[in-house]
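Structural overview for review
One letter stands for each residue in the lines below.
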Amino acid sequence: QKEVEQDPGPLSVPEGAIVSLNCTYSNSAFQYFMWYRQYSRKGPELLMYTYSSGNKEDGRFTAQVDKSSKYISLFIRDSQPSDSATYLCAMVRGSNYKLTFGKGTLLTVNP
Amino acid sequence: ETGVTQTPRHLVMGMTNKKSLKCEQHLGHNAMYWYKQSAKKPLELMFVYSLEERVENNSVPSRFSPECPNSSHLFLHLHTLQPEDSALYLCASSQLGQGHHEQYFGPGTRLTVT
């Protein structure tokens, strides 16, 4: 079983839709969770960083962590064409520097 | 310059060439990383430097040779590469310690080996 599973998509939604992106993981030692956005031909850009179960909101983005189910989500409200990108989840054990990434989900928001 | 910068952005090289990738971080971080990103695969960690000391060498072939002369600069020296080494090479930096785990990435170097 892979440590981090992420559906690669592609996911296509109309503008204004609510988008839900998800990752599951198998290692209960993961304590810190991140979401990165990567536009085509660019490096990953940090979107959200969380370390506890529950929700964290930043503008149109909400990161959700459920440690009991080993499941994390990123919600995008009122999606825009500019949100079209690949979204990568990443996670790390508490005392470690080594991030474990999902494969990424390719999202397209159609005008 | 801000954040993490990488040069060159694109590189085409033959299998017998020697080239170097350069990374510079302007964030005052104490750790730097090299990653390889190939299509349909998760990011692969190649090397980690913490306070200019290599702390991770993730079973990377010797045709890749990293160098970290100071906490702001990181190089990846390439020689006698194979076509399967074609990928996006990403540099990242972070501030280790004090509960920080997030890494900040550069734009990457798109490498094509012919």
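The preceding data block contains the structure.
Notes on the structure follow. (Residues numbered from 1 in each chain as written. Chains lettered and ligands numbered in written order. Predicted model: local features only at pLDDT ≥ 70, side-chain atom pairs only at ≥ 80, totals over all residues. Heavy atoms only, no water.)

1. Remarks on the pattern of salt bridges
Residue and element names in this part refer to chain A. As enumerated under the stated definition, the model contains five salt bridges over all chains in all. One salt bridge connects Arg37 with Glu45, and the closest N-O pair in it is separated by 3.1 Å. The class of Glu45 is partly exposed, set by a relative accessible area of 35%. Asp83 is paired through a salt bridge with Arg60; the nearest N and O atoms lie 2.8 Å apart. With a gap of 23 residues between them, Asp83 in the loop between strand S8 (71-76) and strand S9 (85-93) and Arg60 in the loop between strand S6 (54-58) and strand S7 (61-66) connect regions that are remote in the sequence. On the basis of relative accessibility, which here comes to 1%, the residue Asp83 falls in the buried class. (Salt bridge = Lys/Arg side-chain N within 4 Å of Asp/Glu carboxyl O. Buried < 20%, exposed > 50% of the residue type's maximum accessible area, 1.4 Å probe, protein only. Helix = DSSP H or I, 4+ residues; strand = E, 2+ residues; numbered from the N terminus.)

2. Overview of the interface of chain B and chain A
On the chain A side, the residues contacting the 24 residues of chain B number 21 residues. Taken together, the two surfaces of chain B and chain A that pack against each other cover about 1700 Å², and 59% of this comes from carbon and sulfur. If you look at where chain B meets chain A, you find six residue pairs in polar contact (both at pLDDT 80 or more). Of all the secondary-structure elements, those providing two or more residues to the side of chain B that touches chain A are strand S4 (31-37), strand S5 (44-50), strand S6 (53-57), strand S9 (87-94) and strand S10 (104-105) of chain B. The element best represented in the side of chain B that touches chain A is S4 of chain B, accounting for three residues. In terms of residue class, the side of chain B that touches chain A is built from 13 nonpolar, six polar and five charged. (Contact = heavy atoms within 4.5 Å. Buried area = accessible area lost by both parts, 1.4 Å probe. Polar contact = N/O pair within 3.5 Å; in protein donor to acceptor, adjacent residues only side chain to side chain. Nonpolar A, V, L, I, M, F, W, Y, C, P; charged D, E, K, R; others polar.)

3. Some remarks on the sheet that holds strand S3 (residues 19-25) of chain A
Where strands meet in a sheet, backbone hydrogen bonds hold them as pairs that are either parallel or antiparallel. All names here are of chain A. Pairing is antiparallel in the open sheet, where five strands are placed in the order S1-S3-S8-S7-S6. Edge positions in the open sheet fall to strand S1 (4-6) and S6, since each of these has one partner strand only. Each adjacent strand pair in this sheet contributes to an overall mean axis angle of 15 degrees, direction not counted. Judged from the six bridges that link them, S7 and S8 form a sheet pairing that is antiparallel. Paired with Thr62 across the bridge in S8 is Phe75. (Pairing = 2+ DSSP bridges. Axes fitted to C-alpha atoms, helices over the stretch in contact; angles between N-to-C directions.)

4. Quick word on the nonpolar core
Trp35, Ile72, Leu74, Tyr87 and Met91 of chain A are the most contacted members of the largest nonpolar core, which has 23 residues in total. Only S3, strand S4 (30-38), strand S5 (45-50), S7, S8, S9 and strand S11 (105-110) of chain A provide two or more residues apiece to this core. Leaving out residues up to four positions away in the same chain, Leu74 of chain A has contacts with Val19, Ser20, Leu21, Trp35, Leu47, Met48, Phe61, Thr62, Ala63 and Tyr87 of chain A. Counting 22 residues, the second-largest nonpolar core is a separate cluster that includes Met13, Cys23, Leu74 and Cys91 of chain B. (Core = buried A, V, L, I, M, F, W, Y, C linked by side-chain atoms within 4.5 Å.)

5. A look at the state of the cysteines
Scanning the model with the defined rule gives two disulfides over all chains in all. Bridging Cys23 of chain A to Cys89 of chain A, the disulfide has an S-S length of 2.0 Å. Between Cys23 of chain A and Cys89 of chain A, the S-S torsion sits near -100 degrees, and that sign places the bridge as left-handed. Of this pair, Cys23 of chain A sits in strand S3 while Cys89 of chain A sits in strand S9, and the two are 66 residues apart along the sequence. Here the two residues Cys23 of chain A and Cys89 of chain A agree in accessibility, since each one is buried. Here Cys23 of chain B connects covalently by a disulfide to Cys91 of chain B, the sulfurs 1.9 Å from one another. (Disulfide = S-S within 2.5 Å.)

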